[in-house]
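Each chain, letter by letter, is given below.
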Amino acid sequence: LVLEEGITHIGTGAFYDCYGFTGSLTIPNSVTNIGDWAFAYCSSFTGDLTIPNSVTTIDESAFEGCSGFTGSLTIPNSVTTIGNSAFQDCYGFTGSLTIPNSVTNIGERTFQSCSGFTGSLTIPNSITTIGNYAFYYCEGFTGSLTIPNSVTSIGNEAFKYCSGFTDVYSFAETA
């Protein structure tokens, strides 16, 4: 799937439930917003997911149900908002998950049922809220989980059924 440079917004449901795309998905540097359900249930990608530094918002369920991506998921520092369920049920990643310091909230179900991530997961110091089921059923991490003291709220079952973490470090002071 090749998206031309100059596109600034990928609208709601633009590629919803598309099959047959193989290889990587590269979003052009002109895109600033990925809409609700934009790539939801596109399940045949077989390569990397590259989100450019121009993107500031990844809306609700933008990549929900996408499977087959390989490699790491790096969300660039330009992103300030990640919607609920944005990456829910994405599986196949084989590398790390990087959440930038520009994000302040991890919403409900954002990474629920993602599997294949490896290494440690460090929640950045910018995060204040981790929503309900945010990492529910995430499997594959092989390092530590670190939650910083900036976190003031951790939702219900946010890390339930997560497996693979070798150590958990929580500096959160929740009420």
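Scroll up to find the structure.
Rules of the game
Residues numbered from 1 in each chain as written. Predicted model: local features only at pLDDT ≥ 70, side-chain atom pairs only at ≥ 80, totals over all residues. Heavy atoms only, no water. Disulfide = S-S within 2.5 Å. Pairing = 2+ DSSP bridges. Helix = DSSP H or I, 4+ residues; strand = E, 2+ residues; numbered from the N terminus. Contact = heavy atoms within 4.5 Å.

Draft legend 1. Region of the structure containing the state of the cysteines. This model, assessed by the stated rule, comprises zero disulfides. In this structure Cys-18 is a free cysteine whose sulfur lies 4.6 Å from that of Cys-42, the closest cysteine sulfur available.

Draft legend 2. A look at the sheet that holds strand 7 (residues 81–82). Read across the open sheet, the four strands follow the order 1-3-5-7; overall the sheet is parallel. In the strand order of this sheet, the two ends are held by strand 1 (9–10) and strand 7, each with one partner. Bridge analysis of strand 3 (residues 33–34) against strand 5 (residues 57–58) gives two bridges, and the strand direction is parallel. Residue pairing in the sheet places Ile-34 in a bridge with Ile-58 of strand 5.

Draft legend 3. Highlighting the environment of Ala-158. In this structure, Ala-158 sits in the loop between strand 13 (153–154) and strand 14 (168–170). Separated by 52 residues in the primary sequence, Ala-158 and Ile-106 place their C-alpha atoms 10 Å from one another. The residues touching Ala-158, leaving out its near neighbours within four places in the chain, are Ile-130, Gly-131, Tyr-133, Ala-134, Phe-135 and Tyr-136.

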